[in-house]
Amino acid sequence: MELLHTDRVPAAIGPYSQAIKANGLIYTSGQIPLTAEGELVEGDIKVQTRQVLENLRKLLEDCKSGMDKVIKVTIFLNNMDDFGIVNVLYAEAFGDHKPVRSTVAVKTLPKNVLVEMDVIALPYDYQ
């Protein structure tokens, strides 16, 4: 097991790692709409979703992977009424690549954000 880290996304705000590589797979912790400096991105679901997807993209790149190598995504929404908007932005971020996905409505998220996502991905050198 290898602990992975980058300064291009927010540091973990608790006792966990940004990502771990185990048995050839990369597992990310949930990403919320924070900047790399740890500042909360205020705004509607569009603004927050874009930041989360950007954090995931940067984290995966620095873990020698990419959005096109994602196998599974879990999306946590504070309001399922936002599903349609998130879905459009998600489709833009992944293009023709269509990983499996779960979307869950939750009562609250860390820092009272509107969206959180985590992924499981293959590294580019996966054999």
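In case you missed it, the structure is sitting above this.
So, a few notes on the structure that sits alongside this text. (Residues numbered from 1 in each chain as written. Predicted model: local features only at pLDDT ≥ 70, side-chain atom pairs only at ≥ 80, totals over all residues. Heavy atoms only, no water.)

1. Considering the nonpolar core
One finds Leu-60, Val-70, Val-73, Ile-75, Phe-94, Val-115 and Met-117 to be the most contacted residues of the largest nonpolar core, which totals 24 residues. Of all the elements in the fold, those that place two or more residues in this core are helix H1 (45-62), strand S4 (70-77), helix H2 (83-94) and strand S6 (115-121). No other element matches H1, which puts six residues into this core. Those residues in contact with Ile-75 that lie beyond four places of it in its chain are Val-86, Tyr-90, Arg-101, Ser-102, Thr-103, Val-104, Val-115, Glu-116 and Met-117. (Core = buried A, V, L, I, M, F, W, Y, C linked by side-chain atoms within 4.5 Å. Buried < 20%, exposed > 50% of the residue type's maximum accessible area, 1.4 Å probe, protein only. Helix = DSSP H or I, 4+ residues; strand = E, 2+ residues; numbered from the N terminus. Contact = heavy atoms within 4.5 Å.)

2. Section: the environment of Asp-96
As for its position among the elements, Asp-96 is in the loop between H2 and strand S5 (100-105). Taking the C-alpha atoms as reference points, Asp-96 and Asp-68, 28 residues apart in sequence, are found 8.7 Å from one another.

3. What about the sheet that holds S4?
The six strands lie next to each other as S1-S2-S3-S6-S4-S5, forming an open sheet whose pairing is mixed. One side of each edge strand has no neighbouring strand; the edge strands of this open sheet are strand S1 (2-4) and S5. Looking at each pair of strands side by side, their axes are set apart by 20° on average, direction ignored. In this sheet, S6 lies alongside strand S3 (residues 25-28) in antiparallel orientation, the contact comprising two bridges. By the bridge assignment, Tyr-27 is partnered in S6 with Ile-120. (Pairing = 2+ DSSP bridges. Axes fitted to C-alpha atoms, helices over the stretch in contact; angles between N-to-C directions.)

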